[in-house]
Amino acid sequence: MTTAREAAAQPEDLARLFVERANAGDAEGVAALYEPDAVLGFPLGSETVGREAIRGVIEQLLRQVPHFTLEESLPTLVNGDLALTATRSADGTGGRAQVARRQPDGSWLRILDRPESRDR
């Protein structure tokens, strides 16, 4: 059953919503932050393509990592309906970067996500 969830009004909201939903164990809700054909650069060195595949990876991740912390955001770059967001990683895996696209309703979804830039 799909429930109504807060939409990302700004690109920067996506990181907060990811952490909130992940900490609630809501893999479907995390996956809903991605466009249907989004690409996730995870696990490291591979690509996960599509919202359903991303949901599967997130389900596995949530079994391994029980708690996420909102990391320090870097300034967002916006060009029309595209935005580049990034955070400094708290776990020493390098920076994290995402590209988001404004949706027809004005909300934002991720289209590209590189959550880690190097091995731990």
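In this report, the structure presented in the accompanying data block is examined. For clarity, every value in this text was computed on a predicted model and none was experimentally measured.

Quick word on the packing of aromatic side chains
For any pair of aromatic rings, geometry is given as the distance between the ring centres together with the angle between the planes.
Piece 1. Scanning all chains against the criterion turns up one aromatic pair.
Piece 2. Residues Phe-18 and Phe-68 carry aromatic rings whose centres are separated by 5.9 Å and whose planes lie at 75° to one another, so their mutual orientation is edge-to-face. One end of the pair, Phe-18, is in helix H1 (residues 13-23); the other, Phe-68, is in the loop between helix H3 (51-64) and strand S3 (77-79), with 50 residues separating them in the sequence. With respect to class, Phe-18 is no different from Phe-68; both count as buried.

Describing the side chain of Thr-48
Piece 1. Here Thr-48 shows up in strand S2 (residues 48-49).
Piece 2. Separated by 2.6 Å, the side chain of Thr-48 and the backbone oxygen of Phe-42 make a polar contact.
Piece 3. Contacts of Thr-48, omitting those with residues within four sequence positions, involve Ala-38, Val-39, Leu-40, Phe-42, Pro-43, Ala-53, Ile-54 and Val-57.

Overview of the environment of Gly-106
Piece 1. Structurally, Gly-106 can be placed in the loop between strand S5 (95-102) and strand S6 (108-114).
Piece 2. Counting along the chain gives 99 residues from Gly-106 to Ala-7, while the straight-line C-alpha distance between them is 9.3 Å.

Brief notes about the pattern of salt bridges
Piece 1. If you walk through the whole model with that rule in mind, you get ten salt bridges.
Piece 2. Linking Arg-55 and Glu-52 is a salt bridge whose minimum nitrogen-to-oxygen distance equals 2.9 Å. On the criterion of helical spacing, the pair formed by Arg-55 and Glu-52 is a turn pair, its members being three residues apart in helix H3.
Piece 3. Judged by relative accessible area, which is 24%, Arg-55 ranks as partly exposed.
Piece 4. You can call Glu-52 exposed: its relative accessible area is 53%.
Piece 5. Note that Glu-71 is salt-bridged to Arg-96, the shortest N-O span being 2.6 Å. Taken as a pair, Glu-71 in the loop between H3 and S3 and Arg-96 in strand S5 lie far apart in primary sequence, 25 residues in all.

How each quantity is defined
- Residues numbered from 1 in each chain as written.
- Predicted model: local features only at pLDDT ≥ 70, side-chain atom pairs only at ≥ 80, totals over all residues.
- Heavy atoms only, no water.
- Phe/Tyr/Trp six-rings, centres within 6.5 Å; stacked < 30°, edge-to-face > 60°.
- Helix = DSSP H or I, 4+ residues; strand = E, 2+ residues; numbered from the N terminus.
- Buried < 20%, exposed > 50% of the residue type's maximum accessible area, 1.4 Å probe, protein only.
- Polar contact = N/O pair within 3.5 Å; in protein donor to acceptor, adjacent residues only side chain to side chain.
- Contact = heavy atoms within 4.5 Å.
- Salt bridge = Lys/Arg side-chain N within 4 Å of Asp/Glu carboxyl O.

Any link to function would need more than the numbers given here.
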